[in-house]
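# Summary of the model geometry
If you want the building blocks of each chain, they are given just below.
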Amino acid sequence: MIVAETKPLEAVARMVQGYDRVLAVGCGTCVTVCFSGGRKEVATLAASLRMKRGIEGKPLQVDEAIVQRQCEWEYIDPLADQVRQYDAVLSLGCGVGVQALAQRFPGTRVLPALDTLFMGMPSEQGVWEERCQACGACILDKTGGICPVSRCAKQLFNGPCGGSRNGRCEVDAQVLCAWHLIWERAEALGMTDALMELEPPKDWSTSRDGGPRRMLRDDLRVPREEEGDE
Amino acid sequence: MIPIQAAAVPGAPSLKTASNLERVLAEGQFAVTAELGPPRGCDAASVRRKTQILKGWVHAANVTDNQAAVVRMSSIATGLLMIQEGLEPIIQMTCRDRNRLAMQSDLLGAAAHGVHNLLCLSGDHQSKGDHPGAKNVHDIDSIQLVAMVRTMRDENRYQNGKDIPGGGPCIFIGAAENPFADPAAMRPYRLRKKALAGADFIQTQLVYDVPRFREFMKKTVDLGVHEKVAILAGVGPLKSPGMARHLRENVPGMSVPEAFDTRMQAAVKGIDADDKQARTRAWREEGKRICVELIQEIREIEGVAGVHVMAIEWEDAVPEIVRAAGLSPQTAAQPQQ
């Protein structure tokens, strides 16, 4: 899932400073399950903003909405009539959701109420950890299902740096050393030989370094009418 | 005068580079290297001063690359000042601050100015340094850097496989290893990986825990790695009992037996607690003595080809340690110019 956290109230309040009517839009997918942008969080943020502005003597109307997925047109299109009635939309979606709303509703100011953190999972109740950086060329087959791109602070491909101690990362003792985990797993699976091979420099062109990425599936595409005229 | 591109060494056709360190190791001498930390400003005089302290006592000296992720004078620029002063630099290069384009271009430039040695490192994480908000690079890792430099030197090709016009840089390639970091079982294999990637020499993390180092070296020798790569053990003088504790507790992957704290504490026995100068002097003397003993012990371990003396911000200690350890300064020849 995409993991995000709510911005501090002060920061969100600053964004909506000049407005009188705001629509807070949550998302029913990733940010609902990581407790940052679901129905409950939308209600909490809306109430907090109303209260804060009330105390300041500048009442703010904050209405609440939630869509199943902020990153798909079919779910956000039904908001079209509603958003026109507001000075701004406050998105409690991830960065994808914010941009989808902004693109769909070009005449409306769309503001992010969350900071999008990473792609990951809850490793235990109340703890989320990063697992994938979408580098575009998965090597998990070589590393026992543990990703050094997202889980090693130095993105090492050929073993741990010299700072691994007691299986922990030198950068943050709360974080497990990815290469320690990879080695232990390889030992358990009898696959340490595979880690002796030199992993050559990665081609980062499939990652963010190649520029914003697109995926095309011609078999799924529906030709648009205007394209048909070309 | 700045020497230019390294030429083949006359009378020594088996050498890959014009590196003094390579020659010394090839001759079977016990190699001695030290560390020179570049200044945090642009003070060339401090580099020259430190160079003069080390010159004649070591075969070559490392120049750190934004060590501890703190901005300092560039390692290559510092190295050029050292060459002017007559001491052979081992340029440290981390994967933290440069991508493969910058690394290769810096290497070409360094070689053009007479640099013959490179130490390939991952680099301390920027969160520990003076610009914690910096973006790190890590385009390639330290082992891939070793392989890249070897390809440039031996195959005259860039990392992308294309020919380097006029030939690649003649660089003696080094890498680091920490025998005390986790996972311990992987360390000798990781060292072998560096040797297979093309490392010519290895400098280890500071060794205080000799029994553990001996164990590591035994495994390394069993794997035959010491025949492929010259292993220089890292040593360094303690400055105080606090430093021993600090290294043990705060430097990841360090093993410092508590016996050294005790010895350092005992060194100031009978000295007035208020006489800070006398205490510092006594601690430093004891620190150097311990370092010399460590060198003598480590020297006997099979597969150890030399020592790397890291006296951080204490370059003055190096000549005394080298002399006391019986590592003849006469063998510490100057770089070929």
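Residues numbered from 1 in each chain as written. Chains lettered and ligands numbered in written order. Predicted model: local features only at pLDDT ≥ 70, side-chain atom pairs only at ≥ 80, totals over all residues.

## Description of the overall build of chain A
Applied cut-off: Only DSSP runs of H or I reaching four residues or more are called helices, and only runs of E reaching two or more are called strands; each is numbered from the N terminus. To get the radius of gyration, use the C-alpha atoms; to get the globule rule, take the number of residues to the power 0.38 and multiply by 2.2 Å. Partly exposed residues are those whose C-beta has more than 12 but fewer than 20 other C-beta atoms within 10 Å; 20 or more makes a residue buried and 12 or fewer makes it exposed, with C-beta atoms placed from the backbone. Working definition of a contact: two residues with C-beta atoms, positioned from the backbone, lying within 7 Å.
Counting its regular elements, chain A contains 9 helices and 7 strands. For 230 residues, the compact-globule estimate of 2.2 N^0.38 gives 17 Å, and chain A exceeds it by more than 25% at 22 Å. Out of the 230 residues belonging to chain A, those deemed buried represent 37%. In chain A, of all internal contacts separated by at least 6 residues, the share reaching a separation of at least 24 is 57%.

## Observations concerning the overall build of chain B
Helix and strand content of chain B: 12 helices and 8 strands. Taken against the 2.2 N^0.38 rule, which gives 20 Å for 337 residues, the C-alpha radius of gyration of chain B at 19 Å falls within 12% of a compact globule. Viewed in the frame of its principal axes, chain B has a C-alpha envelope of about 65 × 50 × 45 Å. For chain B, long-range pairs separated by at least 24 residues make up 78% of all intrachain contacts whose partners lie at least 6 apart in sequence.

## A look at the nonpolar core
Put simply, the rule is: The nonpolar core is taken to be a set of buried Ala, Val, Leu, Ile, Met, Phe, Trp, Tyr and Cys residues joined by way of C-beta atoms within 7 Å.
One finds Ala61, Cys120, Val146, Val149, Val235, Val309 and Val318 of chain B to be the most contacted residues of the largest nonpolar core, which totals 94 residues. Those residues in contact with Ala61 of chain B that sit more than four places away from it in its chain are Thr33, Ala34, Glu35, Leu36, Leu54, Met82, Leu87, Pro89 and Ile90 of chain B.

## Topic: the sheet that holds strand β2 (residues 21–27) of chain A
Sheets are built from strands that pair by backbone hydrogen bonding, the pairs being arranged parallel or antiparallel. Residues and elements named next belong to chain A. Our working definition: Strand pairing follows a simple DSSP-based rule, namely that at least 2 bridges must link the two strands. The axes are straight lines fitted to the C-alpha atoms, using for helices just the contacting stretch, and the angles between their N-to-C directions are given from 0 to 180°.
Taken together, 4 strands build an open sheet; the order of strands is β3-β2-β4-β5 and the sheet is parallel. A strand with exactly one partner marks an edge of an open sheet, and here the two such strands are β3 (61–67) and β5 (109–112). If you compare each strand with its neighbour and ignore which way they point, the axes differ by 25° on average. With 4 bridges connecting them, strand β4 (residues 88–91) and β5 associate as parallel partners. Paired with Ser91 across the two strands is Pro112, which belongs to β5. Contacts from helix α3 (residues 39–55) reach β2 and β3 within the one sheet, and its direction differs from that of β3 by about 170°.

## Digging into the packing of helix α10 (residues 259–266) of chain B against helix α11 (residues 276–299) of chain B
Residues and elements named next belong to chain B. This is how it is decided: Under this scheme an angle from 65 to 115 degrees is roughly perpendicular, one under 35 degrees roughly parallel, and one over 145 degrees roughly antiparallel; angles in between are oblique. Handedness of a helix crossing follows the sense of rotation of the near helix relative to the far helix, less than a right angle counterclockwise being left-handed and clockwise being right-handed. Following the grouping adopted for this structure description, the nonpolar residues are Ala, Val, Leu, Ile, Met, Phe, Trp, Tyr, Cys and Pro, the charged ones are Asp, Glu, Lys and Arg, and the polar ones are all others, Gly among them.
For the pair α10 and α11, interaxial distance at closest approach is 9 Å and the crossing angle is 140°. On the basis of their axis angle, the class for α10 and α11 is oblique. The crossing of α10 and α11 is right-handed. Residues Phe260, Arg263 and Met264 of α10 lie in contact with α11, whose contacting residues are Trp283, Glu286, Gly287 and Ile290. When its residues are assigned to classes, the contact of α10 with α11 shows 4 nonpolar, 1 polar and 2 charged.

## Description of unusual backbone geometry
Residues and elements named next belong to chain B. Following Asp182, the chain continues into Pro183 via a peptide bond in cis, with omega recorded as -15°. For Pro183, the position within the fold is in the loop between β5 (172–177) and α6 (187–197). Positioned with a positive phi, Asn66 is a non-glycine residue whose angle comes to about 45°. If you trace the backbone, Asn66 turns up in the loop between β2 (60–63) and α3 (75–85). Overall, the presence of 22 C-beta atoms within 10 Å leaves Asn66 in the buried class.

## Focus on the sheet that holds strand β7 (residues 127–132) of chain A
All names here are of chain A. Here 3 strands make up an open sheet; going across it, the order is β1-β6-β7 and the pairing antiparallel. Edge positions in the open sheet fall to β1 (2–6) and β7, since each of these has one partner strand only. When strand polarity is set aside, the average angle formed by the axes of neighbouring strands in this sheet is 70°.

## A closer look at the packing of helix α9 (residues 241–250) of chain B against α10 of chain B
Residues and elements named next belong to chain B. Relative orientation of the contacting elements α9 and α10 amounts to 165°, with a least axis distance of 8 Å. Viewed along their axes, α9 and α10 adopt a mutual orientation that is roughly antiparallel. Once α9 is placed against α10, the crossing between them reads as left-handed. Where α9 abuts α10, its residues Pro241, Ala244 and Arg245 lie against Phe260, Asp261, Met264 and Gln265. For the contact of α9 with α10, the residue count by class is 4 nonpolar, 1 polar and 2 charged.

## Some details on the pairing of strand β6 (residues 114–124) of chain A
All names here are of chain A. Here 5 bridges tie β1 to β6, and the two strands are oriented antiparallel to one another. Counterpart to Val3 in the pairing with β6 is Phe118. Relative to β7, β6 runs antiparallel, the two sharing 5 bridges. Bridging across to β7, Pro122 finds its partner in Trp128. In textbook terms, the turn of a hairpin is the stretch between consecutive antiparallel strands, and for β6 and β7 this stretch comprises 2 residues, one of which, Gly126, has a positive phi near 85°.

## Looking at the environment of Gln125 of chain A
Residue and element names in this part refer to chain A. Within the fold, Gln125 resides in the loop between β6 and β7. Residue classification places Gln125 among the exposed residues on the basis of 5 C-beta atoms within 10 Å. Each C-alpha atom, one on Gln125 and one on Cys161, is 30 Å from the other, the two residues being 36 residues apart in sequence.

## Remarks on the confidence of the model for chain B
All names here are of chain B. Spelled out, the test is: pLDDT measures the predictor's confidence residue by residue and takes values from 0 up to 100.
Residues with a pLDDT of 70 or more make up 93% of chain B, whose mean pLDDT is 93. A low-confidence stretch, residues 331–337 stays under pLDDT 50, and its non-local contacts, those more than four residues away or across chains, total 17 contacts. For this predicted complex, the interface score ipTM comes out at 0.92, alongside a pTM of 0.93.

## Considerations on the environment of Phe35 of chain A
Among the structural elements, Phe35 of chain A can be located in the loop between α2 (30–33) and α3. A sequence separation of 32 residues divides Phe35 of chain A from Val3 of chain A, and the C-alpha atoms of the two residues are 9.2 Å apart.

## So, the pairing of β4 of chain A
Residues and elements named next belong to chain A. Which entries qualify depends on this criterion: When the strands point away from the viewer, a crossover counts as right-handed if the path from the first strand over the helix to the second runs clockwise.
Relative to β4, β2 is paired through 4 bridges, and the arrangement is parallel. What sits directly across from Ala24, in β4, is Leu90. Of the crossover connections in this fold, the one passing from β4 over helix α6 (residues 95–104) to the parallel β5 is right-handed.

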